[in-house]
Amino acid sequence: MAKLGDLRRVHSASLLDEVMEYDFDGYRMLDPDTVMCPASRSAALRAAGAGLAAVDAVMLAEAGRTTAFCAVRPPGHHATADSAMGFCLINNIAVAAAHACDRHGLERVAIVDFDVHHGNGTQAIFQNEPRVAYFSTHESGLYPYTGTPHERGRGNLFNALLPPGSGGFRFRNVWADLMLPALDDFRPQLLLVSAGFDAHMRDPLADLMLETEDFAWLTRELRAIARRHAAGRVVSMLEGGYDLEALRDCSVAHVAELR
Ligand SMILES: [Zn+2]
């Protein structure tokens with residue numbers, strides 16, 4: 001389980017009070033999409049804690065392993081410093097990135113986010129933090145309606161919008177032509193992945209129309225960049241993915257490429 005001190009690196013006291021302190025029975029609505037039950041607090045602490053443990057494990061290359069996948073929920077990339085939103089309570093990937101900078105002294109940590117939605121929370125947390133670069137493709141016209149290519153932070157944000165129905169060919173071209181070269185130029189010492197699988201064609205929440213093999217392809221490309229700059233270190237954390245069959249198949253394909 002993550003400790004509150006780990007969460008305070010990226011979250012305000014008011015958010016941590018809201019998510020971690022109030023006792024309640026039944027269900028609590030934090031926003032129209034985001035509901036808590038009494039067990040959510042412990043799930044959120046375990047989700048964030050998994051990322052911390054994974055970063056420590058790959059930094060130490062425990063048992064010779066340099067990659068990890070955290071099969072966690074709730075997801076995290078919409079949670080900002082101050083607000084739980086979009087099913088997200090704690091920003092798991094941001095907690096992991098801040099830990100990598102502060103505890104392991106890294107100066108270049110990349111977060112790659114291929115969830116079909118833009119990780120507005122992750123972007124907002126790191127937009128003025130040059131040690132962290134954020135690379136996201138997401139479907140245009142979808143929640144949370146942020147992430148245009150003009151949002152550059154301090155030159156450490158890389159956003160690309162894909163129209164509905166793009167499919168794998170367009171998705172791969174955007175990564176191959178724009179995003180992967182920028183990631184390679186950043187020379188990350190650690191690669192973190194917000195791995196959402198809701199861009200899959202079976203997903204009920206979006207229409208990007210990717211297939212399982214598209215996620216495997218991108219994972220291979222990311223692994224190659226991690227080998228080049230980061231001694232192979234990749235920590236991937238589950239974000240969205242709302243068709244269980246697609247979620248299963250894509251997770252397996254993704255992990256197979258990380259082995
Ligand atoms: Zn999503």
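Predicted model, so just to flag it, every value in this text is computed and none were measured.

Asks: So what exactly am I meant to see when it comes to the side chain of aspartate 203 here?
Replies: Topologically, aspartate 203 is positioned in the loop between β7 (190–195) and α7 (212–229). Here aspartate 203 occupies a buried position and makes no salt bridge, while the nearest side chain of opposite charge, arginine 73, is found at 7.5 Å. Within the structure, aspartate 203 has its side chain in polar contact with the backbone nitrogen of leucine 205 (distance 2.8 Å). When sequence neighbours within four positions are dropped, the list of residues in contact with aspartate 203 reads Phe197, Asp198, Gly241, Tyr242 and Asp243.

Asks: What's the story with the sheet that holds strand β4 (residues 109–113) in this structure? I'm lost.
Replies: The strands making up a sheet associate through backbone hydrogen bonding, with each pair oriented either parallel or antiparallel. The parallel open sheet is built from six strands, whose spatial order is β3-β8-β7-β4-β5-β6. Across the chains shown, the open sheet's two edge strands, defined by having one partner strand only, are β3 (67–70) and β6 (157–162). The sheet shows a mean angle of 10 degrees between the axes of neighbouring strands, taken without regard to direction. Where strand β5 (residues 132–139) meets β6, six bridges bridge the pair, whose relative direction is parallel. Following the sheet pairing, phenylalanine 135 is matched in β6 by phenylalanine 158. Along the sheet, helix α4 (residues 92–104) makes contact with β4, β5, β7 and β8 (234–238), crossing β7 at roughly 175 degrees.

Asks: Any chance you could explain helix α6 (residues 167–186) here in plain terms?
Replies: Residue pairs spaced three or four apart in an α-helix point in one direction, given the helix's 3.6 residues per turn. Taking 1.5 Å of rise per residue, 20 residues should cover 28 Å, and α6 covers 27 Å from first to last C-alpha, within 8% of that figure. If you look at α6, its biggest bend is around 40 degrees, right at alanine 176. Among the structural elements, β4, β5, β6, β7 and α7 are those in contact with the buried residues of α6. Immediately beyond the C-terminal end of α6, within one or two residues, lies arginine 187, with a positive phi of roughly 50 degrees.

Asks: Honestly, the packing of helix α3 (residues 40–60) against α4 in this entry has me stumped. Any pointers?
Replies: Helix-helix packing: each pair is described by the crossing angle between the helix axes and the interaxial distance. Packing of α3 against α4 leaves a shortest axis separation of 9 Å and a crossing angle of 40 degrees. For the element pair α3 / α4, the angle class is oblique. Helix-helix and strand crossings are classified by hand; for α3 and α4 the assignment is right-handed. Along its contact with α3, which presents Ala44, Ala47, Ala48, Gly51, Leu52, Val55, Asp56 and Met59, the element α4 presents Asn92, Val95, Ala96, His99, Ala100 and His104.

About the thresholds
Residues numbered from 1 in each chain as written. Predicted model: local features only at pLDDT ≥ 70, side-chain atom pairs only at ≥ 80, totals over all residues. Heavy atoms only, no water. Helix = DSSP H or I, 4+ residues; strand = E, 2+ residues; numbered from the N terminus. Buried < 20%, exposed > 50% of the residue type's maximum accessible area, 1.4 Å probe, protein only. Lys, Arg positive; Asp, Glu negative; His and termini not counted. Salt bridge = Lys/Arg side-chain N within 4 Å of Asp/Glu carboxyl O. Polar contact = N/O pair within 3.5 Å; in protein donor to acceptor, adjacent residues only side chain to side chain. Contact = heavy atoms within 4.5 Å. Pairing = 2+ DSSP bridges. Axes fitted to C-alpha atoms, helices over the stretch in contact; angles between N-to-C directions. Expected span 1.5 Å × (residues − 1). Bend = angle between axes of the 7 residues up to and from the residue. Parallel < 35°, antiparallel > 145°, perpendicular 65-115°, else oblique. Left-handed = near helix turned anticlockwise from the far one by under 90°.

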